[in-house]
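What follows is the residue order along each chain.
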Amino acid sequence: MSVSLGAIDPIAFQFGPLRVAWYGIIIVFGMFVAVWLSIKEGEKRGIEEDFIVDLAFRIIPAGLIGARLYYVLFELDVYLQDPIRIFYIWEGGIAIYGGLLAGFATLVWYTKKKDIAVWLLLDVLAPHVMIAQAIGRWGNFVNQEAHGGEVARSFLERLMLPNFIIEQMNIQGTYYHPTFLYESLWNLAGFIILMVVRSKDGILRRGETALGYVAWYSLGRIWIEGMRTDSLYIGPLRVSQVLSGVLLVVAVSLILYRRFYVYPTPPYYTEGMLPERTFAEKKKKSELKK
């Protein structure tokens, strides 16, 4: 990793005209970690490795397209002036919520097609998506983007940050809030909490890990987005803050509704696919007796 004038070179290496950016390497690494962890967890819960891999090959492209389209839609006036730039993704311009929404839609479609319990699969994936997001934010760090407003160097020093982070937040002589770091640490904390609680028998019911992820991420995003200088807006409102607020309310409401008002009560997460398999066996035996 080359460093000049205190800033990290965003290009990791180059082969002729082909330049490979640290941003891409970091994002791919985060995806790899998420898929690998999901395979390991899926096996424990009765979901085959091949299904997770096949799903990844569908979700990842869909998520990238969704992230780009989400950004373009909220900057449509700019892109309509030169529509070909919609495809210039190397110029930047993707939004995580667009990726999550597109990935979610793809997951629901493919899961139903393969007759896998949707809520269970969401629970398997959710914490691993969060750690991928925690890793991916370091791509923003390298690119010196997704930062907050101006701060004094002394403020960053009081946070006890290592010097390489402080200097990377020095952009053209001005220091900025490392909001990438705030979100990365927030997601890391959420990942740890969900992983610990999810593994305990008799605590989380099916769907509550995924909804807990939505609630945790949304709560942090409401706070962190308010510091960002590159937010997408609808009128005076920051799009991500509005969407995060809605998702937070929906997630908490669904947790309460599904736990106290849905009958039969959803099985515990740690039961995995056992309820479906038990039901299928009973149904098969019943049909054989006829």
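We now turn to the structure provided with this report. (Residues numbered from 1 in each chain as written. Predicted model: local features only at pLDDT ≥ 70, side-chain atom pairs only at ≥ 80, totals over all residues. Heavy atoms only, no water.)

1. Comments concerning the sheet that holds strand 5 (residues 150-151)
Phase 1 of the analysis: Taken together, the 3 strands give an open sheet; going across it, the order is 5-7-6, and neighbouring strands pair in antiparallel fashion. Two strands bound the open sheet, and with one partner strand each, they are strand 5 and strand 6 (170-171).
Phase 2 of the analysis: Strand direction decides the pairing type here: strand 6 and strand 7 (residues 174-176), joined by 2 bridges, are antiparallel. Pairing of Ile171 across the sheet is with Thr174, part of strand 7. (Pairing = 2+ DSSP bridges. Helix = DSSP H or I, 4+ residues; strand = E, 2+ residues; numbered from the N terminus.)

2. Some points on the environment of Ile171
Phase 1 of the analysis: Relative to the elements of secondary structure, Ile171 occurs in strand 6.
Phase 2 of the analysis: Ile171 sits in the buried class, given a relative accessible area of 17%.
Phase 3 of the analysis: For the pair Ile171 and Leu73, spaced 98 residues apart in sequence, the C-alpha separation works out to 28 Å. (Buried < 20%, exposed > 50% of the residue type's maximum accessible area, 1.4 Å probe, protein only.)

3. A word on the pattern of salt bridges
Two side chains bearing opposite charge may form a pair once their charged atoms approach each other closely.
Phase 1 of the analysis: Summed over all chains, the structure comprises 9 salt bridges.
Phase 2 of the analysis: Residue Arg221 pairs with Glu225 through a salt bridge whose shortest N-O separation is 2.8 Å. One end of the pair is Arg221 and the other is Glu225, both in helix 9 (residues 208-225) and 4 residues apart, which spans about a single turn.
Phase 3 of the analysis: The salt bridge involving Arg228 is made with Asp230; its shortest N-O contact spans 2.7 Å. (Salt bridge = Lys/Arg side-chain N within 4 Å of Asp/Glu carboxyl O.)

4. Remarks on the packing of aromatic side chains
Phase 1 of the analysis: This structure, assessed with the given rule, holds 15 aromatic pairs.
Phase 2 of the analysis: Consider the rings of Trp138 and Phe180, whose centres lie 4.9 Å apart with planes at 80°: the pair is edge-to-face. Residue Trp138 is found in helix 5 (residues 118-143), and its partner Phe180 is found in helix 8 (residues 179-198); the two are separated by 42 residues along the sequence.
Phase 3 of the analysis: Taking 6.2 Å as the distance between ring centres and 20° as the angle between the ring planes, the aromatic pair formed by Tyr257 and Tyr261 counts as stacked.
Phase 4 of the analysis: You can call Tyr257 partly exposed: its relative accessible area is 46%.
Phase 5 of the analysis: Taking relative accessible area as the criterion, Tyr261 reaches 64% and is therefore assigned exposed.
Phase 6 of the analysis: An aromatic cluster is defined as three or more aromatic residues linked by ring pairs; in this entry it consists of Trp138, Phe141, Phe164 and Phe180. (Phe/Tyr/Trp six-rings, centres within 6.5 Å; stacked < 30°, edge-to-face > 60°.)

5. Quick notes on helix 2 (residues 49-73)
Phase 1 of the analysis: When the terminal C-alpha atoms of helix 2 are compared, their 36 Å separation across 25 residues agrees well with the 36 Å that a helix rising 1.5 Å per residue should span.
Phase 2 of the analysis: Taken residue by residue, helix 2 has Phe51, Ile52, Leu55, Ala56, Ile59, Ala62, Gly63, Gly66, Ala67, Arg68, Tyr70 and Val72 as its buried positions. (Expected span 1.5 Å × (residues − 1).)

6. Section: the side chain of His177
Phase 1 of the analysis: Take His177: it is sitting in the loop between strand 7 and helix 8.
Phase 2 of the analysis: For His177, the contacting residues outside a window of four places in its chain are His147, Gly148, Gly149, Val151, Phe155, Met169, Tyr182 and Met227. (Contact = heavy atoms within 4.5 Å.)

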